[in-house]
Amino acid sequence: MVRGVGALLLGLACVAVPAQERSLPAGALRSGSTYLSPELRAMQEDGFANPGMLWVEKGAKLWGVRAGADGRSCADCHGDARASMRGVAARYPAFDRAANRLLDLEGRINQCRAERQRAAPFAFESEELLGLTAHVASQSRGLPLKVAVDGPAAPHFARGRMLFERRIGQMNLACLHCHEWNAGRRLLAETISQGHPNAYPIYRLEWQSAGSLQRRLRACYSGVRAELPAYNSADLLDLSLFLAWRAEGLAIETPGVRR
Amino acid sequence: MPPRSCLPPSRPPSGGRRLRRALALLACLVAPAVAAQLPPYVIEDGGIAAPLAAPGDAARGRALLAARDPANCILCHAAPGVRFAGDLAPPLDGVGARLTPAQLRLRLVDSSRINPATIMPAYYRTEGLTEVAAAWRGRTVLTAAQIEDLVVYLSTLR
């Protein structure tokens, strides 16, 4: 109740202020893959060499597997993912009115799992959840990101922006300091990108695995020695929404490859 | 004088030392609040003239500068003799000719006192930080002695 009123007030405040000024105009946006070495870039672009494709393929298999009390598969409801899932990832994270909360693509998949299949939700970073997310997101390859940040999403968007701009951790740095002030520069050996979410889940060599956007964000929190937000916490979801808006127009590249 | 164990160590505790640290921390919590504060320093003419600890050691300072932990200065700064470094910050070559030891000391202790918008972390400050991971909460990145080692080493870069 109190939270509801708070969200309402925050929502009203967002209508009043021009919350949507862009510090990275469309012409200045650069996908993370443009900061990669030519070798890694080629690896991402080659469907056989890209290790992330293994997860896409796992997801494609799971799409047709019946599960849960109702014994239904994703395909039983959604048919051919190539048609039904095209463009979906470009709209996420999205506010879900029924659940009354913000869902990223992983959250949506797990919600279908719990409510439509009546099966146990997949664990964060499990092969299954990464696989299905990569499979669904890869259907939107080449389509521009465009999320809704108005209506019930507005307070989440405003909070995401606040989280992007505030200093945190013992290093006392904000996302902004690295990904806006210093994109293109090197932090020791790593070239800092503009911090866009358009290729997730990605395959990261350092992880020797695929990983979600939330996992990457937690790595940045840990880099500045800040308290790690839990998976699916409001902080990570709100930040993800702000990042998707900030990257509006960038084409989806899932599965990305990173160092 | 606060008990020694209340002074911020340079790295988070690990393994079997955790319990002892936790007990020591408990002792600090019940000690007067002042025990958690860092010794005061005076900023004058854009610097801190008084050393924070006994005179530092240039060789230790040099090693610290390039070590991954705890200082990791080369994340951002190039420095003489260092092969791989970031480029978020000015190279440290010649910094001893540009800045006095007092000015160097303040930049290490808390660069935001000179430039509030700086991205350089404060290496000897615990206040005014947000959501610091539990392992580092209430601890400075470097000890007073390590700051002095770096001041001496950086002063030799002319």
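Rules of the game
- Residues numbered from 1 in each chain as written.
- Chains lettered and ligands numbered in written order.
- Predicted model: local features only at pLDDT ≥ 70, side-chain atom pairs only at ≥ 80, totals over all residues.
- Heavy atoms only, no water.
- Core = buried A, V, L, I, M, F, W, Y, C linked by side-chain atoms within 4.5 Å.
- Buried < 20%, exposed > 50% of the residue type's maximum accessible area, 1.4 Å probe, protein only.
- Helix = DSSP H or I, 4+ residues; strand = E, 2+ residues; numbered from the N terminus.
- Contact = heavy atoms within 4.5 Å.
- Phe/Tyr/Trp six-rings, centres within 6.5 Å; stacked < 30°, edge-to-face > 60°.
- Lys NZ or Arg CZ within 6 Å of the ring centre and 35° of its normal.
- Buried area = accessible area lost by both parts, 1.4 Å probe.
- Salt bridge = Lys/Arg side-chain N within 4 Å of Asp/Glu carboxyl O.

### Looking at the nonpolar core
With 58 residues, the main nonpolar core has L241 of chain A together with L65, L92, V95, L142, I147 and L154 of chain B as its most contacted residues. Mapped by element, the contributors of at least two residues to this core are helix 8 (154-165), helix 9 (175-179), helix 10 (213-223) and helix 11 (234-246) of chain A together with helix 2 (58-66), helix 4 (101-110) and helix 5 (144-155) of chain B. In this structure L154 of chain B touches L65, L92, V95, G96, L104 and L108 of chain B, once residues within four positions along its chain are discounted.

### Observations regarding the packing of aromatic side chains
Given two aromatic rings, their pairing is described by the distance between the two centres and the angle made by the two planes. Residue and element names in this part refer to chain A. By the definition in use, this model includes six aromatic pairs over all chains. Ring geometry for W55 and Y203: centres 5.8 Å apart, planes at 50 degrees, overall tilted. Here W55 is found in helix 3 (residues 52-63), whereas its partner Y203 is found in strand 5 (residues 202-204), with 148 residues between them in sequence. Since its relative accessible area comes to 7%, W55 is described here as buried. The class for Y203 is buried, based on a relative accessible area of 12%. A centroid spacing of 5.7 Å and a plane angle of 35 degrees characterise the contact between F242 and W245, whose relative ring orientation is tilted. Here the residue F242 and the residue W245 both occupy positions in helix 11, the gap between them amounting to three residues, near one helical turn. A connected cluster of aromatic rings, assembled from ring pairs, spans F157, F164, F242 and W245. The ring of F122 has R113 sitting right over it, with the charged end atom 3.9 Å from the ring centre.

### Re the environment of Q20 of chain A
All names here are of chain A. Of note, Q20 is situated in the loop between helix 1 (2-16) and helix 2 (38-45). Expressed as a C-alpha distance, the spacing of Q20 and M53, which sit 33 residues apart in the sequence, is 35 Å. Residues within four places of Q20 in sequence aside, it is in contact with V149, F157, R161 and W245.

### What to know about the interface of chain B and chain A
Contact with chain B, which involves 26 residues of that partner, is made by 19 residues of chain A. Considering only the surface of chain B that becomes buried against chain A, L88, I119 and E131 of chain B emerge as the three largest contributors, covering 28% of it. Inspection of the chain B/chain A interface yields four salt bridges. Linking R137 of chain B and E227 of chain A is a salt bridge whose minimum nitrogen-to-oxygen distance equals 3.6 Å.

### Comments concerning unusual backbone geometry
What is expected of a backbone is that most residues other than glycine have negative phi and most peptide bonds are trans. Residues and elements named next belong to chain A. The amide bond that connects Y200 to the next residue, P201, takes the cis arrangement and shows omega of -10 degrees. For P201, the location among the structural elements is in the loop between strand 4 (190-191) and strand 5. For the peptide bond that leads from T254 to P255, omega is 0 degrees, which places it in the cis range. Relative to the assigned elements, P255 resides in the loop between helix 11 and strand 7 (256-258). At N172, a position not held by glycine, the phi torsion is positive, near 55 degrees. Relative to the helices and strands, N172 is located in the loop between helix 8 and helix 9. In this model, L188 sits at a positive phi of 50 degrees, which is unusual for a non-glycine residue. Relative to the helices and strands, L188 resides in the loop between strand 3 (186-187) and strand 4.

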